[in-house]
Amino acid sequence: EDKVVQSPLSLVVHEGDTVTLNCSYEVTNFRSLLWYKQEKKAPTFLFMLTSSGIEKKSGRLSSILDKKELSSILNITATQTGDSAIYLCCLGTYKYIFGTGTRLKVLA
Amino acid sequence: SAVISQKPSRDICQRGTSLTIQCQVDSQVTMMFWYRQQPGQSLTLIATANQGSEATYESGFVIDKFPISRPNLTFSTLTVSNMSPEDSSIYLCSALTGPGTNEKLFFGSGTQLSVL
């Protein structure tokens, strides 16, 4: 059965710190891996990664997938209090399943 | 991108009743999904809403409890039937755009359901 595991489950840092969030997966027919940020009800899209291994960047956020290790990381540099949220990893096959999420809290 | 309108945004319901959640996408999409997010937990896939045919349900979810309709490529409904307090959750509809190298899964604003 396809599976997505995220670590750590929660993280508390101070403003300015750099954080790395991890996502590992087991899948039969890999299609894509997506990262989301959830602050209220609806998750907002961050990145879509494929097995090409190309790094995606957007401002202070970046993400890359390692197809050999079946994992992905999401990096956030120079964290701000506005980065406090739940970060979700989503595995895309013929359906889309989510990991447990990482709850990030950034202290001022 | 896609804009998804989901309603109601929240509701408080009595045990034993049913609630239908509607999801309207502003463009035609191939795939739509329904998720549940219980308090303090991640998103759990309920089913894939198939256009013109029966939905594909995940393990632990059945059609009698969560009937889903998808009459066309832009609209879907999820009904939560014979509700109990355990059904209190956030329900989210989603749509997949740009299958392939630009694919993204967009979400409606969610329905916060409380069952008394």
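If you're wondering where the values come from, they're calculated on a predicted model, not measured in any experiment.

A. A look at the overall build of chain A. Per the secondary structure count, chain A includes zero helices and eleven strands. Seen in sequence order, chain A has helices and strands lined up from the N terminus as β-β-β-β-β-β-β-β-β-β-β. Whereas a compact globule of 108 residues would reach a radius of gyration of roughly 13 Å, chain A reaches 13 Å, a difference of no more than 12%. In terms of principal-axis extent, the alpha carbons of chain A reach across some 40 × 25 × 20 Å. Counted over contacts in chain A with a minimum sequence separation of 6, partners at least 24 positions apart contribute 55%. Accessible area of chain A: about 5,400 Å², with a carbon and sulfur share of 50%.

B. Region of the structure containing the interface of chain B and chain A. Facing 24 residues of chain B, the contacting portion of chain A comprises 18 residues. Between chain B and chain A lies a buried interface of about 1,700 Å² when both sides are counted; carbon and sulfur atoms form 58% of it. Of all residues in chain B, the largest losses of buried area upon contact with chain A belong to Ser42(B), Glu103(B) and Leu105(B), amounting jointly to 28% of the total for that side. Our count for the chain B to chain A interface comes out at two salt bridges. A salt bridge links Glu58(B) to Lys95(A), with the shortest nitrogen-to-oxygen separation between them at 2.6 Å. The interface formed by chain B and chain A contains ten residue pairs in polar contact (both at pLDDT 80 or more). Broken down by secondary-structure element, the contributors of at least two residues to the side of chain B that touches chain A are strand 4 (31-37), strand 5 (43-49), strand 9 (89-97) and strand 10 (104-107) of chain B. Per-element accounting of the side of chain B that touches chain A gives the leading share, four residues, to strand 4 of chain B. Here the residues of the side of chain B that touches chain A are counted per class, giving eleven nonpolar, ten polar and three charged.

C. Structural view of the environment of Ala2(B). All names here are of chain B. With respect to the secondary-structure elements, Ala2 resides in the segment before strand 1 (4-7). In this structure Ala2 comes out as buried when scored by relative accessible area, which is 11%. Separated by 23 residues in the primary sequence, Ala2 and Val25 place their C-alpha atoms 6.7 Å from one another. Leaving out residues up to four positions away in the same chain, Ala2 has contacts with Val25, Asp26, Ser27, Thr97 and Phe106.

D. Seen up close, the sheet that holds strand 7 (residues 61-66) of chain A. Residue and element names in this part refer to chain A. Sheet architecture is open: five strands sit in the order 1-3-8-7-6, paired in antiparallel fashion. Only two strands of the sheet have a single partner each, and these edge strands are strand 1 (3-7) and strand 6 (56-58). Looking at each pair of strands side by side, their axes are set apart by 15° on average, direction ignored. Where strand 7 meets strand 8 (residues 71-76), six bridges bridge the pair, whose relative direction is antiparallel. Opposite Leu65, over in strand 8, you have Ser72 as the bridge partner.

E. Summary view of the side chain of Gln37(B). Looking at where Gln37(B) falls in the secondary structure, it is placed in strand 4. Within polar-contact distance, the side chain of Gln37(B) engages the side chain of Gln38(A) at 2.7 Å. Excluding residues that lie within four positions of it along the chain, Gln37(B) makes contacts with Gln38(A), Lys41(A), Ser42(B), Leu43(B), Ser89(B), Ile90(B) and Leu92(B).

The rules we used
Residues numbered from 1 in each chain as written. Chains lettered and ligands numbered in written order. Predicted model: local features only at pLDDT ≥ 70, side-chain atom pairs only at ≥ 80, totals over all residues. Heavy atoms only, no water. Helix = DSSP H or I, 4+ residues; strand = E, 2+ residues; numbered from the N terminus. Rg over C-alpha atoms; globule rule 2.2 N^0.38 Å. Contact = heavy atoms within 4.5 Å. Areas by Shrake-Rupley, 256 points an atom, 1.4 Å probe, with all protein chains shown as cover. Buried area = accessible area lost by both parts, 1.4 Å probe. Salt bridge = Lys/Arg side-chain N within 4 Å of Asp/Glu carboxyl O. Polar contact = N/O pair within 3.5 Å; in protein donor to acceptor, adjacent residues only side chain to side chain. Nonpolar A, V, L, I, M, F, W, Y, C, P; charged D, E, K, R; others polar. Buried < 20%, exposed > 50% of the residue type's maximum accessible area, 1.4 Å probe, protein only. Pairing = 2+ DSSP bridges. Axes fitted to C-alpha atoms, helices over the stretch in contact; angles between N-to-C directions.

Nothing here speaks to function; it is geometry throughout.
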